[in-house]
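Overview (structure and organization)
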Amino acid sequence: MSELNVELARQAIVKHTRRLAESAAAAGPGAAVPTTPEWTVADLVAHVGQTENWVAEIVERRIVDPSRLPTEMAVLPEDPDAWPAWLAESAQRVVSAFSDDALEAPVFNAAADGRTGGRFWLSSVLNETVIHGFDADAAAGRPVEVDAGVAAALISNHLAMLTSPTWEMARPASAHAIRGTGQTLRLLATDTADAWFVERQPEGAVLQSGSRPADVTVTGPARSLLLTLTRRVPLSGGEGISVSGDAGLAQHWVDNTAHVAG
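Read on for a plain summary of the structure. (Residues numbered from 1 in each chain as written. Predicted model: local features only at pLDDT ≥ 70, side-chain atom pairs only at ≥ 80, totals over all residues. Heavy atoms only, no water.)

**Here's the deal with the pattern of salt bridges**
- Evaluated as defined, the whole model comprises 12 salt bridges.
- The salt bridge involving Arg19 is made with Asp137; its shortest N-O contact spans 3.0 Å. Highlighted residues: Arg19 in helix α1 (residues 6–27) and Asp137 in helix α5 (residues 117–140), separated in sequence by 118 residues.
- Using a relative accessible area of 2% as the deciding quantity, one classes Asp137 as buried.
- Between Arg115 and Asp113 there is a salt bridge, with its nearest N and O atoms 2.9 Å apart.
- According to the relative accessible area criterion, Asp113 is partly exposed, its value standing at 23%. (Salt bridge = Lys/Arg side-chain N within 4 Å of Asp/Glu carboxyl O. Helix = DSSP H or I, 4+ residues; strand = E, 2+ residues; numbered from the N terminus. Buried < 20%, exposed > 50% of the residue type's maximum accessible area, 1.4 Å probe, protein only.)

Following this line, the structure appears as structure tokens:
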């Protein structure tokens, strides 16, 4: 399983935020977003910029107590022509907040897993910019561009969230649905050396390292695996995706894992 390369993540946040701004301008503020049908492009822009500023404040202030999380959101400029600059400033602010010191400092981690709070939020912001960048690309009819290493790290983050101690509190229906009696799921990336193995146990899903035979194996490029897991493309329609074993088990997993951006 890929771990997040911090410098690559910082660069990718800036890159994908800029790309989102470009796709938003191409699509227009009122355009519908095919991959998130209840949202317009304006909603995407507001959400990503606000999230970047909100997380930046958490990390800048080294907030440890969740009761002290920011309650106010940054305001989206009314003029769409101002959105690219606003998004660029938002991305730069959050990337600057993720200094080496901040990544190791005590900061609230909503997943309550083994990561520092700064590393948790770095992965979360990267997930927002990449996945919603794809949403904006879809609205504009542009091809998606995601580095394989970034995609693999986000798959690791996605599965870490679903198997984290706090997932049941965040998404109780999902946590209950992915429990099981030993059913196993394996993901294999064809363009990186990454593999992920999940066992559905009675108390919850457990992410394990290594690759071994499973009840179902989903194979494909890391980008396609990520977009399938986050329900941006269907399991049967992902580019380069193949499923061997119990396809119904893989579909059930995708249908019931709600850690999507936004």
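We are not done yet, so read on.
**Some points on the packing of aromatic side chains**
- With the rule as written, the count across this model stands at 2 aromatic pairs.
- Pairing Trp54 with Trp121 gives two aromatic rings, centres 5.6 Å apart and planes at 85 degrees, and the pair type is edge-to-face. Here Trp54 is found in helix α2 (residues 41–60), whereas its partner Trp121 is found in helix α5, with 67 residues between them in sequence.
- Joined through ring pairs, the aromatic side chains of Trp54, Phe120 and Trp121 make up one cluster.
- The cationic tip of Arg212 hangs over the ring face of Phe197; the distance from NZ or CZ to the ring centre is 4.3 Å. (Phe/Tyr/Trp six-rings, centres within 6.5 Å; stacked < 30°, edge-to-face > 60°. Lys NZ or Arg CZ within 6 Å of the ring centre and 35° of its normal.)

**Quick look at the pairing of strand β4 (residues 216–220)**
- Within β4, 5 of the 5 residues are buried, which leaves the element mostly enclosed by the surrounding structure.
- With burial as the criterion, each face of β4 is covered, one bearing Val216, Val218 and Gly220 and the other bearing Thr217 and Thr219.
- Two elements, β4 and strand β5 (residues 242–245), share 4 bridges in a ladder whose sense is antiparallel. Considered in β5, the bridge of Val218 is made with Val243. (Pairing = 2+ DSSP bridges.)

**Regarding the packing of α1 against α2**
- One can describe the packing of α1 onto α2 by two numbers: an axis separation of 10 Å at closest approach and a directional angle of 155 degrees. As judged from the angle between their axes, α1 and α2 are roughly antiparallel. Where α1 crosses over α2, the handedness of that crossing is left-handed. Only Val41, Val45, Val48 and Glu52 of α2 make contact with α1, whose side of the interface consists of Ile13, Thr17, Leu20, Ala24 and Ala27.
- Residue composition of the contact of α1 with α2, grouped by class: 7 nonpolar, 1 polar and 1 charged. (Axes fitted to C-alpha atoms, helices over the stretch in contact; angles between N-to-C directions. Parallel < 35°, antiparallel > 145°, perpendicular 65-115°, else oblique. Left-handed = near helix turned anticlockwise from the far one by under 90°. Contact = heavy atoms within 4.5 Å. Nonpolar A, V, L, I, M, F, W, Y, C, P; charged D, E, K, R; others polar.)

**Considering α2**
- For α2, with 20 residues, the first-to-last C-alpha span of 29 Å sits near the 28 Å given by 1.5 Å per residue.
- The element α2 is extensively covered by neighbouring structure, given that 15 of its 20 residues are classed as buried.
- In the segment just after α2, Arg62 is the residue with positive phi, at about 50 degrees. (Expected span 1.5 Å × (residues − 1).)

**Considerations on the sheet that holds strand β1 (residues 183–189)**
- Reading across from one edge, β3-β2-β1-β4-β5 is the order of the 5 strands in this open sheet, with mixed pairing throughout. Looking along the sheet, the strands with just one partner apiece sit at the ends: β3 (204–208) and β5. Taking the axes of each pair of neighbouring strands and ignoring which way they run, one obtains an average angle of 20 degrees across the sheet.
- In the packing of helix α6 (residues 148–162) onto the sheet, contacts are made with β1, β2 (195–201) and β3, and the angle to β2 comes to roughly 10 degrees.

**Some points on the nonpolar core**
- Judged by nonpolar contacts, the single largest core of 60 residues is most densely connected at Ile13, Phe98, Trp121 and Trp253.
- Beyond its immediate chain neighbours, meaning those up to four positions away, Ile13 contacts Glu52, Ala91, Val94, Val95, Phe98, Leu122, Val125, Leu126 and Thr129.
- Counting residues in each nonpolar core, the second largest holds 16 residues, with Ala21, Val41, Trp86 and Ala136 among its members. (Core = buried A, V, L, I, M, F, W, Y, C linked by side-chain atoms within 4.5 Å.)

**Structural notes on helix α10 (residues 247–256)**
- Within α10, the full set of buried residues consists of Leu249, Ala250, Trp253 and Val254. Down the axis of α10, the buried side of the element spans an arc of 135 degrees, and every buried residue falls inside it.
- At its buried positions, α10 is contacted by α6, β1, β2, β3, β4 and α9 (222–229).
- One side-chain oxygen at the N-terminal end of α10 lies 3.1 Å from the backbone nitrogen of Gly248; it belongs to Asp246. (Arc of directions from axis to C-beta. Polar contact = N/O pair within 3.5 Å; in protein donor to acceptor, adjacent residues only side chain to side chain.)

**Section: the packing of α2 against α5**
- Put simply, α2 and α5 touch, their axes get as near as 10 Å, and they point 170 degrees apart. The angle between the axes of α2 and α5 places the two elements in the roughly antiparallel class. Together, Val41, Leu44, His47, Val48, Thr51, Glu52, Trp54, Val55, Ile58 and Val59 of α2 and Trp121, Val125, Glu128, Thr129, His132, Asp135, Ala136 and Ala139 of α5 make up the contact between the two elements.
- Residues of the contact of α2 with α5, tallied by class, amount to 11 nonpolar, 4 polar and 3 charged.

By themselves, these are just geometric observations and shouldn't be taken as functional.
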